[in-house]
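Geometric and topological summary
Here are the chains, one letter per residue:
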Amino acid sequence: MTQDELKQAVAQAAVDYTLPRIEDDSIVGIGTGSTANFFIDLLASHKAKLAGTVASSEASANRLRDHGIPVYELNAVDEVTIYIDGADEANPRLELIKGGGAALTREKIVAAVAKEFVCIADQSKWVDHLGTFPLPVEVIPMARSHVARELVKLGGDPVWRKDVITDNGNCILDVYHLHPIGAVRELEERINNITGVVTNGLFALRPADILLLGAEEGVKTIRAAS
C-alpha cells in the first residue's frame, strides 16, 4: 500500500471509532495535517450526526466548513468528546512529536480539553524513541534568537523555519539532533519554561490515549505501554 492508502485506511478506522462514541450534543476536535484531512473528508458524509467541531488550525476549519460541517471556537463549547489528530512521530508510550504543520499550540490546547485523544498515523511514524523528526518549537518572534541559544544548551540544533508564521502570529524553530529523547516529559517541561517559548511539539504530559496505526497488514489499535 502507498502512504496515502495507509492514511486513508487509518482515517476510515478513526471515523468508525468516533461515530459510536458521539451523541447529539458531542463536539469533535479535529487536528491538522494530511491524515487529518483524510479524516475530515470521510467524516463529511456523517455530518448530520455531529453537533459541531473545533479545529486546531484555520486550514482544518476551512476544510470542515467547505464540507458544511459546523466549526466552533473552543471557548464556545463546554467540552470536546474526542479529538482526532495525526503525529510526526509516536512511541510505545503514545508520546508524540507534532507540529510539522506548525499548528502545535492549538493542537496541544484541543488535546488538553478533549476527554479522549485519538492519534491517527501511518506506520512510518512509529518509533522506539522520539527525536529523529526535528522537534518544532513555537516562539514569540522577538525571542527567536534567545530561545535558539537556550535550545543549543540543551543539545539541540535549532533551525528557523523561515517564511512560516503560525495561526497565532509566531515563528517556528525546528530542533535537530535530539535523538534519542529519553526523559520526554522532562524535556517538554524544560523547553516550555524557556522565556519566549509558546510551546513545543512534544506531547508527553498529555499523550494520546489510543493510536490507530495504518500498517500493511491493516490498522492496529495501540494503547500506551505502561
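Scroll up a little and you will see the structure.
Every chain's residues receive numbers from 1 upward, in the order its sequence appears when written. Local features in this predicted model are restricted to residues of pLDDT 70 or higher, and side-chain atom pairs are both shown and tallied only at a pLDDT of 80 or more, whereas totals for entire chains, interfaces and linings draw on every residue. Calculation of side-chain values draws on the structure's entire complement of heavy atoms; hydrogens and water are dropped beforehand.

Here the focus is the pairing of strand 2 (residues 52-55). A two-sided burial pattern is seen for strand 2, the buried positions comprising Gly52 and Val54 on one face and Thr53 and Ala55 on the other. In the classification by handedness, the crossover that spans strand 1 (residues 27-30), the intervening helix 2 (residues 34-43) and the parallel strand 2 is right-handed. Accessibility here uses a 1.4 Å probe with only protein chains present; expressed as a share of the type maximum, an area under 20% marks a residue as buried, one over 50% as exposed, and anything in between as partly exposed. Each helix is a run of DSSP H or I of at least 4 residues and each strand a run of E of at least 2, with the numbering of both proceeding from the N terminus. The path from the first strand over the helix to the second decides the hand: if it runs clockwise while the strands point away from the viewer, the crossover is right-handed.

Only strands that DSSP links by at least two bridges are regarded as paired with each other. Spatially, 6 strands are ordered 2-1-3-6-12-13 in an open sheet, and the strand pairing comes out mixed. The sheet is open, and its two borders are formed by strand 2 and strand 13 (218-223), each paired with just one other strand. Here the strands of the sheet are splayed against their neighbours by 20 degrees on average, with no regard to which way each runs. With 4 bridges connecting them, strand 1 and strand 2 associate as parallel partners. By the bridge assignment, valine 28 is partnered in strand 2 with threonine 53. Should any heavy atoms of two residues lie within 4.5 Å, those residues are counted as being in contact. The axes used here are C-alpha line fits, helices contributing only the stretch in contact, and every angle between their N-to-C directions lies in the interval 0 to 180 degrees. Sitting on the sheet, helix 1 (residues 3-18) is in contact with strand 1, strand 3 (82-85), strand 6 (117-122), strand 12 (210-215) and strand 13, with an inclination near 145 degrees to strand 12. Helix 4 (residues 104-113) rests against strand 1, strand 2, strand 3 and strand 6 of the sheet, and its axis sits at about 150 degrees to strand 3.

Between helix 1 and helix 2, the shortest axis-to-axis distance is 8 Å and the interhelical angle comes to 50 degrees. Here helix 2 runs oblique to helix 1, going by the angle between their axes. Between helix 1 and helix 2 lies a crossing of right-handed hand. Contact residues: helix 1 offers Asp4, Lys7, Gln8, Val10, Ala11, Gln12, Ala14, Val15 and Thr18, while helix 2 offers Ser34, Thr35, Phe38, Phe39, Leu42 and Leu43. Angular relationships are summarised with four words: roughly parallel below 35 degrees, roughly antiparallel beyond 145, roughly perpendicular across 65 to 115, and oblique for the angles in between. It is the rotation of the near helix from the far one that decides the hand of a crossing: anticlockwise by less than a right angle makes it left-handed, clockwise makes it right-handed.

A few words now on unusual backbone geometry. The omega angle of the peptide bond from histidine 179 to proline 180 is -5 degrees, so this bond is cis rather than trans. The residue proline 180 is located in the loop between strand 9 (171-176) and helix 6 (184-192) in this model. Unlike most non-glycine residues, alanine 102 shows phi in positive territory, near 70 degrees. With respect to the secondary-structure elements, alanine 102 resides in the loop between strand 5 (96-97) and helix 4. Among the residues examined, alanine 102 registers a relative accessible area of 12% and is labelled buried. Here histidine 177, not a glycine, exhibits a phi torsion of approximately 65 degrees, which is positive. As for its position among the elements, histidine 177 is in the loop between strand 9 and helix 6.

Right, let's get into the pattern of salt bridges. A side-chain nitrogen of Lys or Arg and a carboxyl oxygen of Asp or Glu constitute a salt bridge if their distance falls within 4 Å. In this structure the tally under the stated criterion is 12 salt bridges. With its nearest N and O atoms 3.7 Å apart, the salt bridge here joins aspartate 122 to lysine 125. Take lysine 125: its relative accessible area is 16%, and that puts it in the buried class.

From the geometry alone we can't say anything about function, so treat these as descriptive.
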